[in-house]
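# Structural description and commentary
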Amino acid sequence: MRIVILSLWAACIVCAQTGLKSPAAPVEQPLPFSHKKHSELGLTCKTCHKNADPGESMGIAAVSSCMGCHKTAAAESPAIKRLARHAEMKSDPVWARVYLIPSYVFFSHRRHLESGATCQTCHGPVAAQDQLRREIDISMGGCMECHVKNRARNDCNYCHEPR
Ligand code: HEC
Ligand code: HEC
Ligand code: HEC
Ligand code: HEC
Ligand code: HEC
């Protein structure tokens, strides 16, 4: 009991730092992809998240790009057999979303990266995680808090009006 309470207390310190009110659960994915393992191989974020024009989304690499390694790497594992089948059929797994905002909110990755934010600012220590969960607050309040700190605009139309 004591351990449970202590760890809840520790988790709340973490959320107070990031602005998250409750720690989100790890998101189940269709394949057991690990950011930690792949980062340890020396792959950078940009290898798989290209921020194609016009720069709004980061995107996720198509499975064909995984097969350069996975034709041989762990080729006998059931998960990689499934991955290979996806690649053959040119159908990407339906990755469950971790960070998602409604389509009526305007957001550009490129503008934020150009203003000096890093992946870690908004997504936490991804390279250290086997399974991702939402660690940083991207609610309206979370966005506005950072805009206040960075003297970016916070009028409603800045994020809500199509421009
Ligand atoms: C640079 C080579 C490389 C690339 C590119 C790569 N992987 Fe991997 N992946 C590996 C290696 C090596 C392992 C085994 C790591 C280990 O077990 O320590 C692995 C492990 C995995 C596993 C776990 C397999 C198991 O059953 O243990 C999955 C799932 C996986 N990769 C999916 C992907 C996906 C999806 C992509 C593309 C988005 C990808 N990989 C791109 C090298 C790569
Ligand atoms: C080998 C390819 C690969 C590399 C390298 C990689 N990612 Fe990913 N990323 C994926 C795949 C596949 C998914 C979907 C599965 C998942 O969420 O675990 C994903 C999902 C994500 C998501 C969640 C997207 C959502 O649904 O909202 C974030 C955030 C992310 N990656 C950030 C990063 C960051 C930051 C780095 C560098 C530290 C990185 N990734 C490196 C392949 C990669
Ligand atoms: C200022 C905050 C912020 C920064 C910095 C940021 N992200 Fe995101 N990221 C978001 C938000 C918000 C979403 C949800 C976007 C949506 O639903 O349209 C998201 C979504 C994603 C996704 C899901 C696919 C997509 O394109 O929507 C991936 C992958 C991702 N981010 C990776 C990264 C990587 C890699 C970096 C660093 C190069 C990064 N992000 C930097 C806030 C950020
Ligand atoms: C890390 C701090 C930070 C976070 C978190 C953040 N922003 Fe921003 N945002 C900025 C800064 C700084 C600018 C000003 C950039 C510039 O002027 O080029 C900006 C600019 C913008 C712009 C104008 C960009 C354009 O293309 O006109 C929009 C829209 C925006 N943010 C929406 C959001 C939304 C929505 C979220 C939450 C999901 C968010 N921001 C989270 C720092 C942040
Ligand atoms: C910095 C960006 C930003 C600014 C400025 C902003 N919003 Fe939002 N707003 C968001 C985001 C992101 C969401 C989606 C939050 C979510 O789904 O978690 C949102 C959601 C909403 C919603 C839907 C809430 C719900 O619970 O469904 C309303 C209504 C709204 N905003 C009104 C406003 C008004 C009014 C203003 C001006 C006072 C404003 N917003 C300013 C980013 C912003």
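Residues numbered from 1 in each chain as written. Chains lettered and ligands numbered in written order. Predicted model: local features only at pLDDT ≥ 70, side-chain atom pairs only at ≥ 80, totals over all residues.

What follows is about the overall build of the protein. Tallying secondary structure elements over the protein gives nine helices and zero strands in all. Secondary structure elements in the protein, listed N-terminal to C-terminal, are α-α-α-α-α-α-α-α-α. The contacts in the protein between residues at least 6 apart in sequence include a share of 64% that link residues at least 24 apart. (Helix = DSSP H or I, 4+ residues; strand = E, 2+ residues; numbered from the N terminus. Contact = placed C-beta atoms within 7 Å.)

Per-residue confidence for the protein averages 88 on the pLDDT scale, and 85% of its residues sit at or above 70. Note that pLDDT drops below 50 for residues 1–19; the model gives that stretch 12 contacts with residues more than four away or on any other chain. (pLDDT = per-residue confidence, 0-100.)

The environment of ligand 3 is made up of 19 residues, and the closest members are S57, H112, A117, C119 and C122. Breaking the shell around ligand 3 down by element, the ones donating at least two residues are α6 (109–114) and α7 (119–123). If one sorts the elements of the shell around ligand 3 by residue count, α7 sits on top with four residues. (Near = placed C-beta within 6 Å.)

Next up on the list: unusual backbone geometry. Most peptide bonds are trans, and most residues other than glycine sit at a negative phi. Cis geometry is adopted by the peptide bond preceding P54, which originates at D53 and carries an omega value of 0°. Mapped onto the fold, P54 is located in the loop between α3 (45–48) and α4 (67–70). Look at N51: it is not a glycine, yet its phi comes out positive at around 50°. With respect to the element layout, N51 can be found in the loop between α3 and α4. We classify N51 as partly exposed; it has 16 C-beta atoms within 10 Å. Even without glycine at this site, R151 takes up a positive phi of about 55°. With respect to the element layout, R151 can be found in the loop between α8 (140–149) and α9 (156–160). (Buried ≥ 20, exposed ≤ 12 C-beta atoms within 10 Å, placed from the backbone.)

A few words now on the site of ligand 2. In the vicinity of ligand 2 there are 21 residues, among which L43, C45, C48, Y99 and C119 approach most closely. Of all the secondary structure elements, the ones that give two or more residues to the shell around ligand 2 are α2 (35–40), α3 and α7. Taken together, the residues that form the shell around ligand 2 break down as 13 nonpolar, seven polar and one charged. (Nonpolar A, V, L, I, M, F, W, Y, C, P; charged D, E, K, R; others polar.)

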